[in-house]
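The chain contents come next:
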Amino acid sequence: MNTKNILSYGVFFAILIILPFFLNSDWVSVMTTFLIYSVVSLSQDIVLGRAGMFDMGHAIFFGLGAYSTAILNMVYGWPILATVPIAIILPIIASILLAAPIIHLRGDYLLVTTIGFNIVFTQALKNNVFGITGGPNGIFGVEPLKILGFTFSSQLSIYYLAFFILLLTLVVIHNLETSKPGRALHYLNLDSLASECIGINTRFYRLYAFGLSAALAGLAGVVFTLQFSAVSPDAFNFIQSVLFFTIVLVGGPSSIPGVLLGTFFMFVVPEMFRQFAEARYLVFGVAMILIMIWRPKGIWPVKFGRIPNYLTKE
Amino acid sequence: MALLELDNVTKIFGGLVAVDSLSISIEKGMIYGIIGPNGAGKTTVFNCITGVYKPEKGKIIFKGKDITGLSPHRIANMGITRTFQTIRLFNEMSVAENIMSGRHFKSRQKWWHGIMHTPFYYKDEKENWLKVKEYMDLFGLTHLAKMTAGSQPYGIQRKIEMARALATEPELLILDEPAAGLNDKERLELVDTIKKIRDMGVTILLIEHNMDLVMNITEYISVLNFGKKIAEGKPEEIQNNPVVIEAYLGKEEEDE
Amino acid sequence: SGYIKIGVQAPITGKFASEGQSIDKAVRLVAKQVNEKGGILGRKIKVITCDDEGKAVKAAICARKLVDAGVIAVIGSYTSTCAEAAEPIYYRAGVLQTSDGTSDTLVKHGYWTFFRNSSPNSAEAQFTAEFFLKKQHYKRIAVISDYSTFSTNLAQAVIRDLKKMGGNVVYYGKIVSGSQNFTPILTKIKTYHPDVIYFSGYYTDGGLIRAQMVQLGMKADFVGGDSNDNPEFIKLAGKAAVGAYLIDVPLPNMLPYPAAKKFLKAFRETYHENPASIWTLFNVDGLRVILYAIQQTKSLNTRKIAHYLHYELKDFPGITGPISFAPNGERVGSAYMAYRIGPDLKYHIVYKEK
Amino acid sequence: MNKEKLLVVENLVVAYGSIEAVKGISFVVHKGELVTILGANGAGKTTTMRTISGLIKPKSGSIRYKNIELTSLPAHKIVGLGISQAPEGRRVFGTLTVEENLMLGAYTKPKVNTEILDWIYQLFPRLKERRTQLAGTLSGGEQQMLAIGRALMSDPEMLLLDEPSLGLAPVLVKMIFETIKQIKENGVTVLLVEQNAKAALKLADRGYVLEVGKIVMEGTSQELMSSPKIQEAYLGKKKSN
Amino acid sequence: MEIFFQQLVNGLTIGSIYALVALGYTMVYGVLKLINFAHGDLVALSAYIGLVIIMQLMGALSPTVLIIITFIATMIITAIGGVILERAAYRPLRKAPRLSAVVSALGASLIIENGIMLIWGPMPKIFPASVIPNANYSLHGVYISLMQVLVLIISLILMVALYLFVNRTKLGTAMRACAIDQDAARLMGINVDKVIVTTFVIGSALGAVGGLFIGMYYRGIYFNMGWIYGLNAFVAAIIGGIGNIPGAMLGGMLLGIFNAFIAGYVSSSWSLALTYVLLIVIMIFRPTGILGERVAEKV
Ligand SMILES: Nc1ncnc2c1ncn2[C@@H]1O[C@H](COP(=O)(O)OP(=O)(O)OP(=O)(O)O)[C@@H](O)[C@H]1O
Ligand SMILES: Nc1ncnc2c1ncn2[C@@H]1O[C@H](COP(=O)(O)OP(=O)(O)OP(=O)(O)O)[C@@H](O)[C@H]1O
Ligand SMILES: [Mg+2]
Ligand SMILES: [Mg+2]
């Protein structure tokens, strides 16, 4: 990262830290969800933007994380903190099991299959599988997180919790971006056969992308459950997956600032125009089209070629 | 023992026998040429060797190991890398990143380095980028390091592709029509480059339609037609082989 | 000093917008009436509305918002799902909540802050079972619900009560609301030879189910739960509507209580329209009873108010009938009726609770 | 000689975004002539060809064909005027059969001329053999034959060939050049872009040399072939020769 | 046994509607490689348009004439809608990355859906009972209505006609050429814009027929029903092999029948989920759908 980057991230974080003091609680809650959705979108971007797989079922992993925490807490009485590892591991396992048989599918075929998974997932939640998902209603009244005697029950504390998770996610994605696995995802995305032929195990890295993104989405799910003390199937249906999918494309695939902007545009901006009720979605549709025409590669497209300086110096 | 051995390899598409019981044997350190009319099955042979296609019959032995039907990345990791008849670069990425892709297997980073960076990561990362620099210097690409590969002219793209292949440090480098689309001057440069690579100890297997180049650098040639080998031998022998002239070279016209 | 703040959590936009807006209007009307008479305990009422769009997640956001705004009581929400999603948040903040949601689960959590202002599913289920077995003497009963909380809970309650009374439920299945093509499930139900199909979902699906039953040549009766009570049901079913039964509380204009007539008049004068449905009036009662309790206890302490409502309030004269609460916040008593749609496409009362 | 000017290109500038690939070139092709454009990789040859066919719109300059301005016409109308192109990289329709590809070549004609089809099958018997094979599975050389054959199906007055010998076996290269000669003798005007400068010049009446978007030399084939600069840069001959 | 045939009839009716809608997806996908997510909403819109026309003309015309006029007018108006959609939302993105057009399609879908809601309101609209032929036949206990017969026959005729058009006419071949390589198609003298517009016209008009069938057969129409029909039809197109016209027909019919038999013989609560399980299984074993061709990429 160069100094300009560090500076702009510094300003961004500073704004997020002081923001709640300038907002009413309504908006703190919106911004908390923004932070959570940013994490989910960044994780979606690993699969969609970086590895180039058209996953339109990402809400599954988000939902699995959220439901794991809610079920373990409400049905089995686990403290929230203890549910976190499960809420990360379960989505990873699910993502690998689901992705393994379909990972070779070409773009759009993968897209429908993942939509299919998502629909099966929400249907299963609604049918109250194993009698633990709470049916169409979901699960209400999940306890707050307690760490070392501190209880995350106020809106403000959950905001900072979400902020912390976003920071963590950004670190992970930065590390991914600048490492061998991260590059491998870009290679296999741009030309899978060429990647294979220079020795990249494309199957492994595709599953890797799914696993990593499911882990982050699952973690975001935990915070989501904490924010609302509730989970319900509709928060993880395929329309939500469409939202995350769109966020990445509108913002700019593989671009961290792009995805953050995308989340802001697709989630926070509509909240600003609430008073226009349903008409806002119409305007919003127009805006989506115009943005794509204006910036076909997203609002803030990715730039490749960030290579060490010693390569270009003689 | 030969470095690479094809033993009765057969590849069939639908009803079409694209490669028909082909056996060839390539010694370490040589530049081996495969020529033949269009559609003779040359690229298909390459695809079988590199694992892109799985042959219906026959065995492919590399350094004494049977590699038939292995997936392409495993074969690449054993030391066989190729270029493509139609260039396949990571167009949107920079020249340096393209070559870095060749370092994938040699880099010893593990999966968790994509999540967490350790001191080893920094060491490994630097080592590999410096390797990339070596290859860029070798092909005269250093000044283009940050440029987008896809916007480079054809000749440069061929070089990038070759640098990428070489960055995997292969024992066997397979080139599919490396001179296609190059003019005569660029072709002479290519000959030098290929010889340089051979001198680094890399065995080279190539397909080429340009006879000047083929006759100039290969040490041994197999000629394919309809998937079958119709002749093999040293370049001079091939040049005068009436079967090859008939099927492939065409009758020589009196040239100035 | 200052206002007494009352929250409205309702679907102002979305599928149930008309219901939500009607509730909001009614609450504001009551507040205006009270304020014109000088308010309560010397303070004026201020209404704060939050749109939950009928979505659970938005409901949770609304709940936090209203709590932060300092309301002492919330009217809402219209749907059981939204009411339930918001319940724990009001409970933790000690804010009173009164909702017309009919799902039985609403009173199962033991939250002292919650009061149901309508009749619960269980009452409707009880009535339905009696109607089926005592009046109609159905021998083979098929039940369909959709996936909503409300509908599944109602269907399950009906099945439970039927079984309790020795009824024979031969089939229970779910449909996806809005999917329009119900012939496959109906064809399957046909093989069970039921005398009746009971549907606990909404009229938009109920009307089509009735029409498709007739198209498939099914002779069984059709009985719809309260959400089928809508004029559009008849339009959707067309001629097939004739002979269908509906079970619901009375229509607003059928309410026999004087307070009801007075309120309906005021509503029409203010807004030049009728309340969207009886559910608006239930919520008005919820509000009135809370305001009454404030006055009686002379306190804004929600614990005191709740205690009063639970244990001291008896047969308050509501516009939807007398109101008392059980210790779990359940409204005591109900007023369900069964209607049959005649060849004139009008409702005819065929059975009433005594 | 006072031949009719068939195609006149004047001050043509073509840019991709902000990068000018062709920087103001002018040249003429007379009726019945075979003109070749030589140039290193990236010189702008393909760009020029695509602009003539209307696939790219130029930034400025004009292209007139029989005194009709082409730069304002859409690509499909240009084919109708009698200009057809076998593009670089073949661009055959992979999931259509060989024969369907050829039929599409005659799209602008109300009816397929079977004589032309027979002639093409005569030129390239391999295509006849593979008539029902999907074009995408043909070998490189076979696809090149198909691309040329397809371009000929519209019975063009002017044929644009962009590197037709690319990737072809020597015997086929000879054959393709032979065919080009035949096509020319049939009265078709040909504009040929080639890396194989020697072969191209042998065939051509005149030639232009393009370097980084500019024409740096022009003349008859003889003139160009004997120019030392051309010999060094394109024919791979050492200076000392 | 009659239950079996009854379910078959049930499945074929809804299946042919899916198929009609699926054709719109498949054709646009075939040519532009674009999943036109707004297609389902266009279908919903067509049902509303049809309703407006019927309400305007009802009583003034005999039922047969009324129905014919409604069909023709709705098809034309919807086709115009499709053309506008192409112009405004997709043409400017012709050269953009493929997924950008998908976002544009999702945006267009939002516009149409919410536009319908703003104009006609969120409550369902209902087709009048009097215009729809209400005859009902029973064959050995299998009930079939005149409307079902019409849906089946008209759908089949339209689909066969479309198949012949695409495979037997020059414009049809041009369509397939555009699907592969637009620049190369231009070099053949094909007016690519015209071909694409034609695709949208045909796809939207067929979708309009589907939309009218929904309205006339099921009577109630909703502003957001486009999603459900769109998704099902899209799945049908994929099952059949997207881009492939007989595939879309087959996929639609299969999906309808499968839905009916699952709801009838297995469990209605799981029928939606099982439909997608079927889709996933087909994708795993036939990655390009049942009739989708597997073209090996030549290296
Ligand atoms: N995936 C495939 N499916 C069907 N046929 C194929 C496939 N790949 C190649 N073929 C056929 O196999 C034959 C050999 O093709 P190949 O590409 O190996 O030829 P080649 O010798 O490399 O020719 P060229 O010099 O023109 O590149 C050709 O006839 C081709 O049509
Ligand atoms: N689509 C494009 N976008 C951006 N730049 C391009 C594009 N196509 C070509 N260029 C650039 O324009 C210049 C001219 O390219 P052109 O393809 O016309 O060259 P050429 O003479 O045909 O070369 P070759 O012999 O390699 O085919 C090159 O520098 C190339 O990189
Ligand atoms: Mg080849
Ligand atoms: Mg070129």
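Description of the structure in this document. (Residues numbered from 1 in each chain as written. Chains lettered and ligands numbered in written order. Predicted model: local features only at pLDDT ≥ 70, side-chain atom pairs only at ≥ 80, totals over all residues. Heavy atoms only, no water.)

### Structural notes on the overall build of chain D
Alright, step 1. Scanning chain D from terminus to terminus reveals 10 helices and 10 strands.
Alright, step 2. Relative to the compact-globule value of 18 Å for 241 residues, chain D shows a C-alpha radius of gyration of 18 Å, a close match.
Alright, step 3. In terms of overall dimensions, chain D has C-alpha extents of about 50 × 45 × 40 Å along its principal axes.
Alright, step 4. Taking all 241 residues of chain D together, the buried fraction comes to 59%.
Alright, step 5. Put simply, of all contacts in chain D between residues at least 6 apart along the chain, 65% involve residues at least 24 apart.
Alright, step 6. Carbon and sulfur atoms make up 51% of the accessible area of chain D, which totals about 9600 Å².
Alright, step 7. The distance from the centre of the 31 positive side-chain charges to the centre of the 24 negative ones in chain D is 3 Å. (Helix = DSSP H or I, 4+ residues; strand = E, 2+ residues; numbered from the N terminus. Rg over C-alpha atoms; globule rule 2.2 N^0.38 Å. Buried < 20%, exposed > 50% of the residue type's maximum accessible area, 1.4 Å probe, protein only. Contact = heavy atoms within 4.5 Å. Areas by Shrake-Rupley, 256 points an atom, 1.4 Å probe, with all protein chains shown as cover. Lys, Arg positive; Asp, Glu negative; His and termini not counted. Charge placed at Lys NZ, Arg CZ, Asp CG, Glu CD.)

### Concerning the sheet that holds strand S4 (residues 57-62) of chain B
Residues and elements named next belong to chain B.
Alright, step 1. Within the open sheet, the four strands sit side by side as S2-S1-S4-S5. Their pairing is antiparallel. For this open sheet the edge positions go to strand S2 (16-26) and strand S5 (65-66), each flanked by a neighbour on one side alone.
Alright, step 2. Across two bridges, the pairing between S4 and S5 is antiparallel. Bridge pairing links Ile61 to Asp66 in S5. (Pairing = 2+ DSSP bridges.)

### Topic: the interface of chain A and chain B
Alright, step 1. Counting residues at the interface gives 36 residues for chain A, matched by 43 residues for chain B.
Alright, step 2. Summing the contributions of chain A and of chain B, the shared interface buries around 3600 Å²; its carbon and sulfur component is 65%.
Alright, step 3. In this structure, the connection of chain A to chain B is made through two salt bridges.
Alright, step 4. As a salt-bridge pair, B:Glu125 and A:Arg183 come within 2.7 Å of each other at their nearest N and O atoms.
Alright, step 5. At the junction of chain A with chain B, the criterion picks out 15 residue pairs in polar contact (both at pLDDT 80 or more).
Alright, step 6. Counting residues per element, the ones that place at least two in the side of chain A that touches chain B are helix H6 (155-177), helix H7 (180-190), helix H8 (192-197) and helix H9 (202-228) of chain A.
Alright, step 7. Counted by class, the side of chain A that touches chain B contains 20 nonpolar, nine polar and seven charged residues. (Buried area = accessible area lost by both parts, 1.4 Å probe. Salt bridge = Lys/Arg side-chain N within 4 Å of Asp/Glu carboxyl O. Polar contact = N/O pair within 3.5 Å; in protein donor to acceptor, adjacent residues only side chain to side chain. Nonpolar A, V, L, I, M, F, W, Y, C, P; charged D, E, K, R; others polar.)

### Remarks on the coordination of the magnesium ion (ligand 4)
Residues and elements named next belong to chain D.
Alright, step 1. Around the magnesium ion (ligand 4), the protein contributes the donor atoms Thr46 (OG1) and Glu88 (OE), at 1.8 to 2.3 Å from the metal centre. Here the residue Thr46 occupies a position in helix H1 (residues 45-52), and Glu88 occupies one in the loop between strand S6 (83-86) and helix H3 (98-105), the gap between them amounting to 42 residues.
Alright, step 2. Among the residues examined, Glu88 registers a relative accessible area of 33% and is labelled partly exposed. (Donors = N, O, S within 2.8 Å, 3.2 Å for Na, K, Ca; no water.)

### Looking at the site of ligand 2
Alright, step 1. Near ligand 2, the surroundings consist of 15 residues, among which D:Asn41, D:Gly42, D:Thr46, D:Thr47 and D:Glu88 are the closest.
Alright, step 2. Neighbouring residues of ligand 2 are not confined to a single chain but are spread across chains B and D.
Alright, step 3. Here a nitrogen atom of ligand 2 and a side-chain polar atom of D:Tyr16 are 3.5 Å apart.
Alright, step 4. Bound to the protein, ligand 2 loses 71% of the 630 Å² it would expose on its own. (Near = heavy atom within 4 Å.)

### Description of the interface of chain B and chain D
Alright, step 1. Of the residues lining the interface, 30 residues belong to chain B; the matching set on chain D comes to 28 residues.
Alright, step 2. Between chain B and chain D lies a buried interface of about 2100 Å² when both sides are counted; carbon and sulfur atoms form 48% of it.
Alright, step 3. Considering only the surface of chain B that becomes buried against chain D, B:Asn38, B:Asn183 and B:Asp184 emerge as the three largest contributors, covering 27% of it.
Alright, step 4. Counting every contact that joins chain B to chain D gives zero salt bridges.
Alright, step 5. Linking chain B with chain D are three residue pairs in polar contact (both at pLDDT 80 or more), by the criterion used here.
Alright, step 6. When contributions to the side of chain B that touches chain D are tallied by element, the ones reaching two or more residues are helix H5 (154-167), helix H6 (184-199) and helix H9 (242-249) of chain B.
Alright, step 7. Along the lines of polarity and charge, the residues of the side of chain B that touches chain D split into 12 nonpolar, nine polar and nine charged.

### Notes on the coordination of the magnesium ion (ligand 3)
The textbook angles at a metal center are 109.5 degrees for a tetrahedron of four donors and 90 or 180 degrees for an octahedron of six.
All names here are of chain B.
Alright, step 1. Surrounding the magnesium ion (ligand 3) are the protein donor atoms Thr43 (OG1) and Gln85 (OE1), which sit 1.9 to 2.2 Å from the metal. Here Thr43, found in helix H1 (residues 42-49), pairs with Gln85, found in the loop between strand S6 (80-82) and helix H3 (95-101); they are 42 residues apart in sequence, far enough to count as distant. There is no split in this pair, since Thr43 and Gln85 are both buried.

### Details of unusual backbone geometry
Alright, step 1. Omega for the bond connecting C:Gly76 with C:Ser77 falls within 30 degrees of zero, at 5°, which places this linkage in the cis form.
Alright, step 2. Turning to its location among the elements, C:Ser77 is positioned in the loop between strand S3 (73-76) and helix H3 (80-93).
Alright, step 3. Positioned with a positive phi, D:Asn67 is a non-glycine residue whose angle comes to about 65°.
Alright, step 4. Checked against the element boundaries, D:Asn67 lands in the loop between strand S4 (60-65) and strand S5 (68-69).

### Thoughts on the packing of aromatic side chains
Alright, step 1. Across all of its chains, the model carries 58 aromatic pairs over all chains by this definition.
Alright, step 2. Ring centres of E:Tyr90 and E:Phe200 lie 5.8 Å apart, and the angle between their planes is 35°; this geometry places the pair in the tilted category. One end of the pair, E:Tyr90, is in helix H3 (residues 63-90); the other, E:Phe200, is in helix H8 (residues 192-218), with 110 residues separating them in the sequence. Residue E:Tyr90 shares its accessibility class with E:Phe200, and that shared class is buried.
Alright, step 3. Every member of this aromatic cluster is reached through a ring pair, and the members are A:Tyr37, A:Phe62, A:Tyr67, A:Phe224, A:Phe228, A:Phe236, A:Phe244 and A:Phe267.
Alright, step 4. In this arrangement the basic side chain of A:Arg295 is found over the ring face of A:Trp294, its NZ or CZ atom lying 5.5 Å from the centre.
Alright, step 5. Over the face of the ring belonging to D:Tyr107 we find E:Lys170, whose NZ or CZ atom lies 5.3 Å from the ring centre. (Phe/Tyr/Trp six-rings, centres within 6.5 Å; stacked < 30°, edge-to-face > 60°. Lys NZ or Arg CZ within 6 Å of the ring centre and 35° of its normal.)

### Some words on the arrangement of the chains
Alright, step 1. In this assembly seven pairs of chains touch, with chains A and B having more contacts than any other pair.
Alright, step 2. There is a clear gap between chain B and chain C: no contact, and 32 Å between their nearest C-alpha atoms.
Alright, step 3. These two, chain C and chain D, are apart from each other, with no contact and a minimum C-alpha gap of 38 Å.

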